[in-house]
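Architecture at a glance
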Amino acid sequence: MNGMILAAGLGTRLRPWTLEHPKALVPVDGVPMLERVMKLMASQGYDNIIVNVHHFADQVLEFLEGNDFGISVRVSDESDLLLDTGGGILQASKMMADAPLLVHNVDILSSADLGLLHDIHIHEDNDITLLVCDRDSSRKLVFDSNRDLCGWHNLKTDEYRKVKDFQSNEIVELAFSGIYILGKNALLSLDKYSSRIAKKSFPIMDFLLSGLDNLKIRALRDDTLKILDIGKPSSLEQAEKFLETLQVNSTKRRVNLS
């Protein structure tokens, strides 16, 4: 199974650490985040992984060369131009022979069942499957009763970006996890989107909300998901305690598909 770890970001929220190191190597309880995400993916069947690099790329390369995770690991080099999430995925996907492609942010700690996410994606024949849950967030994705993506809502400003029209009493708003799967059609559409906007660097969320090709973008809702974004110092301080609560056991996962 194919996976990608988004590890190229500047990590501005983690300064001063990221003034001299890449965000991907920030240690959590003594273990770099990249290693934690890599081992999670490998333990759940993802044996072909690409890591994109930009900020202090040499340090990430040295780390990868110095560790054997027992799987195929390749690098998508963005040293010359940081491609953001959408452009980064597009470049990396061209190094993969087959889809689907699991994408995982490097700064996310979670109890996610990545194997289940893959199985649901295949079973439902989705173009894109987004792992979501009902948790506090200032920005949420909007889904209809079929779990199809309808839009995005900024709760602070009450701004909406719609993929399609919906009635407020017919939708549910859920928080994005930064973990998702793109199928072959989605990756082809991503390439088309990049050409259409004439940009190599763009956020994946802009593509998801573009409505291009009427893709089947569906939620996998898991309200038992434990998740922590360690991309800022306050969260990083909580990470060690958070790790104590994590128990990744797919036989005990309770996933809400309603």
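Residues numbered from 1 in each chain as written. Predicted model: local features only at pLDDT ≥ 70, side-chain atom pairs only at ≥ 80, totals over all residues. Heavy atoms only, no water.

As for helix α4 (residues 114-123)
Among the residues of α4, those classed as buried are Leu 114, Gly 115, Leu 117, His 118, Ile 120 and His 121. On its buried side, α4 packs onto α1 (33-43), β6 (101-105), β8 (128-133), β12 (172-182) and β13 (217-221). Sitting at the head of α4, Asp 113 places a side-chain oxygen 3.4 Å from the backbone nitrogen of Gly 115. Asp 125 sits one or two positions beyond α4 and adopts a positive phi of about 55°. (Buried < 20%, exposed > 50% of the residue type's maximum accessible area, 1.4 Å probe, protein only. Helix = DSSP H or I, 4+ residues; strand = E, 2+ residues; numbered from the N terminus. Contact = heavy atoms within 4.5 Å. Polar contact = N/O pair within 3.5 Å; in protein donor to acceptor, adjacent residues only side chain to side chain.)

What to know about the nonpolar core
Judged by nonpolar contacts, the single largest core of 43 residues is most densely connected at Ile 5, Leu 34, Val 51 and Leu 109. Dropping the residues within four chain positions of it, Leu 109 is found in contact with Val 28, Met 33, Arg 36, Lys 226, Ile 227, Leu 228, Ile 230, Ala 239, Phe 242 and Leu 243. Met 96, Leu 141, Leu 212 and Ile 217 belong to the second-largest nonpolar core, a separate cluster that totals 33 residues. (Core = buried A, V, L, I, M, F, W, Y, C linked by side-chain atoms within 4.5 Å.)

Considering the packing of aromatic side chains
Summed over the entire model, instances satisfying the criterion amount to five aromatic pairs. Above the ring of Trp 152, the side-chain terminus of Arg 161 is found at 5.9 Å from the ring centroid. Directly above the aromatic system of Phe 166 lies the positively charged group of Lys 162, at a separation of 4.7 Å from the ring centroid. (Phe/Tyr/Trp six-rings, centres within 6.5 Å; stacked < 30°, edge-to-face > 60°. Lys NZ or Arg CZ within 6 Å of the ring centre and 35° of its normal.)

Considerations on the side chain of Ser 189
Tracing the backbone through its elements, the reader meets Ser 189 in helix α5 (residues 184-197). Among the residues examined, Ser 189 registers a relative accessible area of 1% and is labelled buried. Excluding anything up to four places from it in sequence, Ser 189 contacts Phe 207, Leu 212, Asp 213 and Leu 215.

Here's the deal with the confidence of the model for the chain
Model confidence for the chain is summarised by a mean pLDDT of 91, while 95% of its residues fall at 70 or above. Contacts of residues 248-258 to residues separated by more than four positions or lying in other chains number 23 contacts, the stretch itself having pLDDT below 50. (pLDDT = per-residue confidence, 0-100.)

Quick word on the packing of α1 against helix α2 (residues 57-65)
At a minimum axis separation of 11 Å, α1 and α2 run at an interaxial angle of 45°. In terms of orientation, α1 and α2 fall into the oblique class. At the point where α1 passes α2, the crossing takes the right-handed sense. Where α1 approaches α2, its residues Leu 34, Glu 35 and Met 38 are matched on the opposing element by Val 60, Phe 63 and Leu 64. (Axes fitted to C-alpha atoms, helices over the stretch in contact; angles between N-to-C directions. Parallel < 35°, antiparallel > 145°, perpendicular 65-115°, else oblique. Left-handed = near helix turned anticlockwise from the far one by under 90°.)

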